Amino acid sequence: MLGRASELGVLVGIWENVVSEKRPQLVTLFGPAGIGKSRLAAEFVDLVDGAEVRVIRGRSLPYGEVTPYGAFAAQVKQVAGMFDTDTDDTASEKLSAAMAALVDENAAELAAHIAMLIGVGKDGGVGDRQTLFFAARRLVEALALDRPTVLVFDDIHVSASSMLDLLETLASRVRDVPLMLLTLARPELSAERPTWGGGLPAYVALPLERLGEDHSEELGRRLLVAAGADARTANELAAKAEGNPLFIEELATSLVEGRASAGELPSSIRGIIAARLDTLPPVERDVVLDASVFGKVFWSGALTSSAEDRPARLEALDSLEGRDLIRRDPVSRLQGEQQFAFRHQLIREVAYSILPRALRTKRHRAIALFLEEAASEAGDVAPALAHHWREAGEPERAVEYLLVGADQANRGWAKDEAFRLYSEALELVPEDAPERRREIGKRLAVVAQAAYHAIDAERLVRHSRPESEPG
């Protein structure tokens, strides 16, 4: 990693203060796509991770997989050893056991409230969101009391507003424990949430600028030398990439693989990635295009349509990982399935744009069937299933999952998300089904009214409750 020594030093300094003074801190790494947010976070985690420190990553996923508290839910599932393939009963038992091991009092009640928050089960409810957020706070405090903890939240610019609310609540309410909330975001977050971090007692925004000319050239030279290529083009490569590390890496790869030459370097990162995908061996290209339909994260089991093609496709996944187009995740949401992620969201976006529309429809249907079989009871998978069925051209099946997702969001007091999902469901119901439309319309009206009053209600609760009570 080049050109990020000062930013890494800032992160390490913040962490040392968090640990020594037991003062929680919210940190946001800001920067455009490819600028190196994930790499900087990984370098920081490598420095601090160990037996004395707990690091848990959570990812907010775009393209139909956004759930009200998705990144936090992913972290809770890691703590409790839960999988999306678990039944509701099994997931609840694991969550209850994890809470009992972490807290001394009210573990069962706290587990029930966290279950509502992350979409486990379909029963129960509470009268306000502060009760659910208080349970999340108790869990986070217990983790940090056990040992210094870093919770990493990737891509929060695509998070639901409820997830951002939870993060700001944790940052403002958790006290006297060694906890860092490390969030990564593109600049779009500032447009979506202009007040992000405002008024919090311990918040740092750390913008990542483009690499300087010297560091850009040095990175290009090292990449070319490592591949046994002529490093004399490093200065041209650096000038073309304009300080974006991902662009530098892809330009270097295009030179090494002979898809570009000195003096004729492409000027578009998307064009470079598209050309790279086009030159892949047929099986690898098919696999990466199919995987792009899933989103940034995908599973190997969804990419094999028959026993005959499974060995070749698994080998293709291994080769794609070797080319650093995809990476294996250490933890999978689906038990028994190897989970992968595109190295960068831009690679996924370009791959999806290449896939012909007719094939997209077919692939979305195959993925929906795969998810139904693998995670039929996982409430936070419902929005993804709705997305895939809608893109597969089956709106009736999409409506069912939109309603499941909306109901779960409503139980978790993510009223904005519930409103969005109910609205999408209503749009997909035909005019000649008036009773169905009326039923959804009633749910939509109820959640709209609740969302309208939620902010004022939360203000009243905050001012009327002592700090020790939920909220």
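Starting afresh in each chain, residues are numbered from 1 along the sequence in its written order. Only residues with pLDDT of at least 70 are given local features in this predicted model, and only at 80 or more are side-chain atom pairs given and counted; all residues enter the totals for whole chains, interfaces and linings. Heavy atoms from the whole structure form the basis of all side-chain values; hydrogens and water molecules are not counted.

### Regarding the overall build of the chain
Line of reasoning, step 1. Secondary structure counts use DSSP, requiring at least four H or I residues in a row for a helix and at least two E residues in a row for a strand, with both numbered from the N terminus. Looking only at helices and strands, one finds 20 helices and eight strands in the chain.
Line of reasoning, step 2. All radius of gyration figures rest on C-alpha atoms, and the globule criterion is 2.2 Å times the number of residues raised to 0.38. A globule of 471 residues ought to have a C-alpha radius of gyration of about 23 Å, and the chain, at 23 Å, matches this closely.
Line of reasoning, step 3. Judged by the C-alpha coordinates and their principal axes, the chain covers about 65 × 60 × 35 Å.
Line of reasoning, step 4. Looking at the chain as a whole, 54% of its 471 residues qualify as buried. The buried label goes to any residue with under 20% of its type's maximum accessible area, the exposed label to any with over 50%, and the partly exposed label to all in between, with areas taken from a 1.4 Å probe on protein chains only.

### As for the environment of Ala227
Line of reasoning, step 1. With respect to the secondary-structure elements, Ala227 resides in the loop between α9 (213–226) and α10 (234–241).
Line of reasoning, step 2. With 17 residues separating them along the chain, Ala227 and Asn244 place their C-alpha atoms 20 Å apart.

### Thoughts on the sheet that holds strand β4 (residues 179–185)
Line of reasoning, step 1. Reading across the sheet, the five strands line up as β2-β3-β4-β1-β5 and stay open at both edges, with parallel pairing between neighbours. Single-partner strands in this sheet number two, and they are β2 (54–59) and β5 (203–207). Across this sheet, the average inter-strand angle for adjacent strands is 15°, counted without regard to direction.
Line of reasoning, step 2. Any two strands with at least two DSSP bridges between them are considered paired. Sheet topology places strand β3 (residues 149–154) next to β4; five bridges connect them, and they run parallel. Within β4, the position partnered with Val152 by the bridge is Leu182.
Line of reasoning, step 3. Between two residues, a contact is recorded if the distance between any of their heavy atoms is within 4.5 Å. Helix axes are fitted only over the stretch in contact, all axes being lines through C-alpha atoms; the angle between N-to-C directions runs from 0 to 180 degrees. Its contacts with the sheet place helix α1 (residues 5–21) against β1 (25–30), β3, β4 and β5, and it is angled at close to 150° to β4.

### Points about helix α14 (residues 310–322)
Line of reasoning, step 1. By definition here, a helix of n residues has an expected span of 1.5 Å times n minus one. Helix length check: α14 (13 residues) gives 18 Å between terminal C-alpha atoms against 18 Å at 1.5 Å per residue, within 8%.
Line of reasoning, step 2. Of the residues making up α14, those classed as buried are Arg313, Ala316, Leu317 and Leu320. Each buried residue of α14 lies within a common arc of 105° when the element is viewed along its axis, so the set occupies one face. What points out from α14, more than 90 degrees from its buried face, is the exposed set Pro311, Glu315 and Gly322. To obtain the arc, one takes the directions from the helix axis to the C-beta atoms.

### Here's the deal with the confidence of the model for the chain
Line of reasoning, step 1. The predictor attaches a confidence to each residue, called pLDDT, with possible values from 0 through 100. Of all residues in the chain, 93% attain a pLDDT of 70 or more, and the chain-wide mean is 88.
Line of reasoning, step 2. Counting interchain partners and residues more than four positions distant, the pLDDT-below-50 stretch residues 456–471 has 20 contacts.

### Remarks on the pattern of salt bridges
Line of reasoning, step 1. Basic side-chain nitrogens of Lys or Arg form a salt bridge, by our definition, when they fall within 4 Å of a carboxyl oxygen of Asp or Glu. The tally for this structure, following the rule as stated, stands at 39 salt bridges.
Line of reasoning, step 2. When the shortest N-O distance is used, the salt bridge between Glu21 and Arg23 registers 3.0 Å.
Line of reasoning, step 3. Assessed through its relative accessible area of 42%, Glu21 is described here as partly exposed.
Line of reasoning, step 4. Among the ionic pairs, Arg343 bridges to Glu249, the shortest N-O distance being 2.9 Å. Of this pair, Arg343 sits in the loop between β8 (339–342) and α15 (345–354) while Glu249 sits in helix α11 (residues 245–256), placing them 94 residues apart in sequence.
Line of reasoning, step 5. A relative accessible area of 25% places Glu249 in the partly exposed class.
Line of reasoning, step 6. One salt-bridge network, in which partners are shared between bridges, spans Glu249, Glu250, Arg276, Asp324, Arg327 and Arg343.

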